[in-house]
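Letter by letter, the chains look like this.
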Amino acid sequence: MSVRSVLTKAAIRDLVRSRSYIVAFVVISLFFVAILYVIGVRLLIAPLLSSPTLDRGLLAGAATGLVYCTVLIITGLSLNISSTQPLIRGKASGSIESLLATPAAARDLWFALSIASILPGIVVGVGAGVVAAVVLGIVYLAPNGVPAATPWMIVNCFVLLPSVYLALAFLVHAIGVPGRVTSGTVIAQVFLPVYASLIINLGARGVVAVTRLDLALVQLGLTAVVAGIVAAVGRRVTKERIVLSCKR
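Residues numbered from 1 in each chain as written. Predicted model: local features only at pLDDT ≥ 70, side-chain atom pairs only at ≥ 80, totals over all residues. Heavy atoms only, no water.

Q: Pulling in residues and values, what's your account of the packing of helix α2 (residues 19–50) against helix α3 (residues 56–82)?
A: Their axes nearest at 10 Å, the elements α2 and α3 cross at an angle of 165°. Taken together, the axes of α2 and α3 lie roughly antiparallel to each other. For α2 against α3, the interelement crossing comes out right-handed. Counted by class, the contact of α2 with α3 contains 22 nonpolar, five polar and no charged residues. (Axes fitted to C-alpha atoms, helices over the stretch in contact; angles between N-to-C directions. Helix = DSSP H or I, 4+ residues; strand = E, 2+ residues; numbered from the N terminus. Parallel < 35°, antiparallel > 145°, perpendicular 65-115°, else oblique. Left-handed = near helix turned anticlockwise from the far one by under 90°. Nonpolar A, V, L, I, M, F, W, Y, C, P; charged D, E, K, R; others polar.)

Q: Talk me through the side chain of Ser83; I want residue IDs and the actual numbers.
A: Inspection of the secondary structure puts Ser83 in the loop between α3 and α4 (85–93). The class for Ser83 is buried, based on a relative accessible area of 1%. In terms of polar contacts, Ser83 uses its side chain to reach the backbone carbonyl oxygen of Leu79, at 2.6 Å. Contacts of Ser83, omitting those with residues within four sequence positions, involve Val172, His173, Val181 and Thr185. (Buried < 20%, exposed > 50% of the residue type's maximum accessible area, 1.4 Å probe, protein only. Polar contact = N/O pair within 3.5 Å; in protein donor to acceptor, adjacent residues only side chain to side chain. Contact = heavy atoms within 4.5 Å.)

Q: Give a description of helix α10 (residues 239–246) that names residues and reports values.
A: Taken residue by residue, α10 has Ile242, Ser245 and Cys246 as its buried positions. With its buried residues spanning 100° around the axis, α10 presents them on a single face. Looking at α10, the residues exposed on the side facing more than 90 degrees away from the buried face are Glu240 and Leu244. Summarising the contacts, the buried residues of α10 are in contact with α4, α5 (95–100) and α6 (106–141). (Arc of directions from axis to C-beta.)

Q: Before we move on, can you summarise the pattern of salt bridges with the specific residues and values?
A: Per the counting criterion, the structure on display carries two salt bridges. Asp214 is paired through a salt bridge with Arg212; the nearest N and O atoms lie 2.7 Å apart. (Salt bridge = Lys/Arg side-chain N within 4 Å of Asp/Glu carboxyl O.)

Q: Which residues make up the nonpolar core, and what are the values?
A: Core analysis: the largest hydrophobic core is formed by 68 residues, its most contacted members being Val67, Tyr68, Tyr165, Tyr195 and Ile242. For this core, the secondary-structure elements that each account for two or more residues are α2, α3, α5, α6, α7 (151–176), α8 (181–204), α9 (213–233) and α10. Setting aside chain neighbours within four positions, we find Ile242 in contact with Ile96, Leu100, Ala106, Leu109, Val177, Pro178 and Val237. (Core = buried A, V, L, I, M, F, W, Y, C linked by side-chain atoms within 4.5 Å.)

Q: Any details on the environment of Thr223? Residues and values, ideally.
A: Turning to its location among the elements, Thr223 is positioned in helix α9. For the pair formed by Thr223 and Val207, sequence separation is 16 residues and the distance between their alpha carbons is 19 Å.

Q: Provide a residue-level description of the packing of α3 against α7, including the pertinent values.
A: The geometry of α3 relative to α7 is characterised by a closest axis approach of 10 Å and an angle of 20° between their N-to-C directions. Put simply, α3 runs roughly parallel to α7. By crossing handedness, the relation of α3 to α7 is classed as right-handed. Along the contact surface, α3 presents Thr64, Val67, Tyr68, Val71, Leu72, Thr75, Gly76 and Leu79, while α7 presents Met153, Asn156, Cys157, Phe158, Leu161, Tyr165, Leu168 and Ala169. Its residues assigned to classes, the contact of α3 with α7 shows twelve nonpolar, four polar and no charged.

Q: Can you break down α3 residue by residue, with the values?
A: Taking 1.5 Å as the rise per residue, α3 with 27 residues should run 39 Å; its terminal C-alpha atoms sit 39 Å apart, in good agreement. Of all 27 residues in α3, 23 are buried, a share of seventy percent or more. (Expected span 1.5 Å × (residues − 1).)

Q: An account of the packing of aromatic side chains is needed here, citing residue identities and associated values.
A: Each pair of aromatic rings is reported with the distance of its centres and the angle of its planes. Inspection of every chain in the model, using the stated rule, returns six aromatic pairs. Pairing Phe31 with Phe32 gives two aromatic rings, centres 5.3 Å apart and planes at 80°, and the pair type is edge-to-face. For Phe32, a relative accessible area of 39% translates into the label partly exposed. Pairing Trp110 with Phe170 gives two aromatic rings, centres 5.8 Å apart and planes at 80°, and the pair type is edge-to-face. Within this pair, whereas Trp110 is found in helix α6, its partner Phe170 is found in helix α7, the two being separated by 60 residues in sequence. Each member of the pair Trp110 and Phe170 is classed as buried. A network of ring pairs unites the aromatic residues Trp110, Phe111 and Phe170 as a single cluster. We note Arg4 situated over the ring of Phe111; from NZ or CZ to the ring centre the distance is 5.0 Å. (Phe/Tyr/Trp six-rings, centres within 6.5 Å; stacked < 30°, edge-to-face > 60°. Lys NZ or Arg CZ within 6 Å of the ring centre and 35° of its normal.)

Right, here's the structure in full:
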């Protein structure tokens, strides 16, 4: 078993065993997702169903938009929570410095912390998105002759969106691991509301849609941009910088 695998499993195990992480993640996620569906069903889906002529395209767009936002919110909240306290605690307790005294390289630690911070969120976010898609399909879409899932909806919600967050997790830790933790986490904290607002506004204007190729292109471009920044910033991840950051 490689060093990265061992470090990653240990980091994930420590995270999911943290009661404070679990409580914060569950409570905040339920709060925001509940608000999302109350607003989405009452203001988007209900008016469409009550109209004399049902627009099936708009109904599909509204339902898939809710699924997309479910994955977006849950995965984003997980990254916000898991990229802050574990890293601060690891630097303050000296555990990160201890790991660097082993054969583990700085990039091994960066990889492990990045994957551990986003993998639980992706798993839960995708799982919640699948449940949302099934429920919305049974309750609203199937009775009106609208398919519950399309190829682009599946790709956008369950493949490309997690890819965006995976790249973002590496960027957050490329900055936070060898530097100030808050400098990295502020990226994740700003990204979620800004990206969510942008996608909602563009979707409301019909510029992009979860069921179309255009959103896939946006996400592919965003992932490529973030990956390029990660490649440049990742050069700063060295043992010397990490040790110095632990002493600040």
